Amino acid sequence: WAKADGKARWTLFDPERNAHRMTRQALSSTLRPAVERDEFVLQYQPLVGLGDGVVRGVEALVRWRHPQFGTLAPNRFIGLAEETGAIVPLGRWVLATACRQARRWQLAHPREPIVVSVNVAVRQVWDSDLVADVAAILTETGLPPSLLQLELTESAVMGSAGRPLQQLQQLSDMGVAIAIDDFGTGYSNLAYLSRLPVSTLKLDGSFVRGFRSEEPPNPADETIVEALVQLAHRLGIKVTAECVESAEQAERLGRIGCDTGQGWFYSRPVPADSISALLSTGVRP
Ligand code: C2E
Ligand code: MG
Ligand code: MG
Ligand code: MG
């Protein structure tokens with residue numbers, strides 16, 4: 001209840017909500033300095049060929065090692081970073097760190113090209129010079145553009161005309177791959193996407209979930225995914241399935257033509273050193 005008689009305003013004190021708000025504020029105001037203090041780390045999760053079990057690439061996933069709150073998952077701070085604009089310096093740090101690491105893998109495993117796939121937020125495409133940042137980072141790290149993929153969500157590219165579209169086109173012309181992340185959760189306008197320089201669709205985990213024997217089988221899921229994969233392939237677009245958690249899912253997704261899979265079945269997101277070990281020993285087929 002609130003008493004708003006002009007003199008005083010009383011509101012019911014909800015400690016949990018208040019703590020939540022304070023945490024949000026604390027995180028929000030320390031994001032930028034945290035980038036400078038080097039409080040972020042990247043983990044990497046393999047992208048595996050569904051047919052052969054070969055590691056084709058890795059997705060870089062950011063974590064915040066917060067001095068007070070411990071290790072924070074991206075859902076705790078990426079939204080805040082987008083709101084405050086801190087995503088631009090943070091995104092630059094992620095790109096530079098991932099490319100530097102990918103170059104190390106390239107030198108250590110010259111015969112197994114490993115693509116590093118980096119998430120890019122809407123604001124990085126709309127409010128910053130992503131092309132200049134990527135070009136500078138590739139030059140600095142020596143990573144060939146063909147070993148970099150950028151993941152954008154449908155909402156980030158939908159309706160992107162003008163500068164954002166120009167940036168995507170320039171990145172693609174440089175030889176950097178563009179992937180659509182969480183495909184199927186937004187407008188899913190494949191006709192529109194086919195006019196953008198997109199080389200891969202990352203099929204959202206919600207589609208993949210139906211590919212499990214514990215669930216009541218939903219034949220529509222499989223039919224939809226199969227049709228999507230066929231359509232994507234005809235447009236020259238590859239398909240990666242997210243959230244592959246079982247051998248059965250991997251087998252069925254491979255059978256209907258998905259190119260690569262990513263998920264706990266292969267590996268959780270792990271530190272860079274564990275990826276080096278994986279590259280030497282291989283993953284399960
Ligand atoms: P995303 O790009 O779709 O990344 C995949 C998410 O699914 C990751 O969560 C990953 O840990 C999780 N995942 C992988 N395999 C499985 C599985 O088999 N089962 C299940 N249930 N989950 C799986 P994470 O690391 O918490 O990242 C969440 C989201 O945060 C990412 O979703 C991405 O949108 C965003 N994000 C992460 N790193 C960055 C970054 O550097 N920049 C930006 N802009 N966003 C990032
Ligand atoms: Mg992603
Ligand atoms: Mg995704
Ligand atoms: Mg996802």
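Residues numbered from 1 in each chain as written. Chains lettered and ligands numbered in written order. Predicted model: local features only at pLDDT ≥ 70, side-chain atom pairs only at ≥ 80, totals over all residues. Heavy atoms only, no water.

Moving on to helix 11 (residues 247-255). Those residues of helix 11 not exposed but buried are Gln249, Ala250, Arg252 and Leu253. Looking one or two residues beyond helix 11, the residue adopting positive phi is Gly257, at roughly 105°. (Buried < 20%, exposed > 50% of the residue type's maximum accessible area, 1.4 Å probe, protein only. Helix = DSSP H or I, 4+ residues; strand = E, 2+ residues; numbered from the N terminus.)

Relative to the helices and strands, Gln262 is located in the loop between strand 9 (260-261) and helix 12 (272-281). Since its relative accessible area comes to 4%, Gln262 is described here as buried. For the pair Gln262 and Glu59, spaced 203 residues apart in sequence, the C-alpha to C-alpha distance is 8.9 Å. Residues in contact with Gln262, not counting those within four places in the same chain, are Gln45, Pro46, Leu47, Glu59, Lys202, Ala241, Glu242, Cys243 and Val244. A distance of 2.7 Å separates polar atoms of two side chains, one belonging to Gln262 and the other to Glu59. A distance of 2.8 Å separates polar atoms of two side chains, one belonging to Gln262 and the other to Lys202. (Contact = heavy atoms within 4.5 Å. Polar contact = N/O pair within 3.5 Å; in protein donor to acceptor, adjacent residues only side chain to side chain.)

Next up on the list: the site of ligand 1. Around ligand 1, 21 residues are found, and the nearest of them are Arg63, Asn119, Asp181, Glu245 and Trp264. Asn119 is positioned such that a nitrogen or oxygen atom in its side chain is 2.9 Å from an oxygen atom of ligand 1. Glu245 is positioned such that a nitrogen or oxygen atom in its side chain is 2.6 Å from a nitrogen atom of ligand 1. Here ligand 1 loses 79% of its free accessible area of 810 Å² to cover by the protein chains. Applying the majority rule of atoms within 2 Å of the grid points places ligand 1 in the largest pocket. When residues in the shell around ligand 1 are grouped by element, the largest group, four residues, is from strand 2 (residues 55-66). Looking at the shell around ligand 1 residue by residue, the class counts come to 11 nonpolar, three polar and seven charged. (Near = heavy atom within 4 Å. Areas by Shrake-Rupley, 256 points an atom, 1.4 Å probe, with all protein chains shown as cover. 1 Å grid on protein atoms, 1.4 Å probe; cavity = no way out; pocket = protein on both sides within 12 Å on 5 of 7 lines; lining within 4 Å. Sits in = over half its atoms within 2 Å of the grid points. Nonpolar A, V, L, I, M, F, W, Y, C, P; charged D, E, K, R; others polar.)

Once that is clear, we can look at the coordination of the magnesium ion (ligand 2). The coordination sphere of the magnesium ion (ligand 2), as far as protein atoms go, consists of Glu59 (OE), Asn119 (OD1), Glu151 (OE) and Asp181 (OD), spread over 2.0 to 2.2 Å. Motif for the magnesium ion (ligand 2), donor spacing along one chain: E-x59-N-x31-E-x29-D. Here the magnesium ion (ligand 2) and the magnesium ion (ligand 3) are spaced 3.6 Å apart, with Asp181 acting as a shared donor. With Glu151 in strand 5 (residues 148-153) and Asp181 in strand 6 (residues 177-183), the pair connects residues that are 30 residues apart, well separated along the chain. (Donors = N, O, S within 2.8 Å, 3.2 Å for Na, K, Ca; no water.)

Further remarks concern the packing of helix 5 (residues 130-141) against helix 7 (residues 162-174). Orientation of helix 5 relative to helix 7, taken along the N-to-C sense of each, is 25°, at an axis distance of 9 Å. In terms of their interaxial angle, helix 5 and helix 7 are classed as roughly parallel. In this structure, helix 5 contributes Leu130, Val131, Val134, Ala135 and Leu138 to the contact, and helix 7 contributes Gln167, Gln170, Leu171 and Met174. Residues belonging to the contact of helix 5 with helix 7 are distributed by class as follows: seven nonpolar, two polar and no charged. (Axes fitted to C-alpha atoms, helices over the stretch in contact; angles between N-to-C directions. Parallel < 35°, antiparallel > 145°, perpendicular 65-115°, else oblique.)

Function cannot be inferred from these measures alone, as they are strictly geometric.
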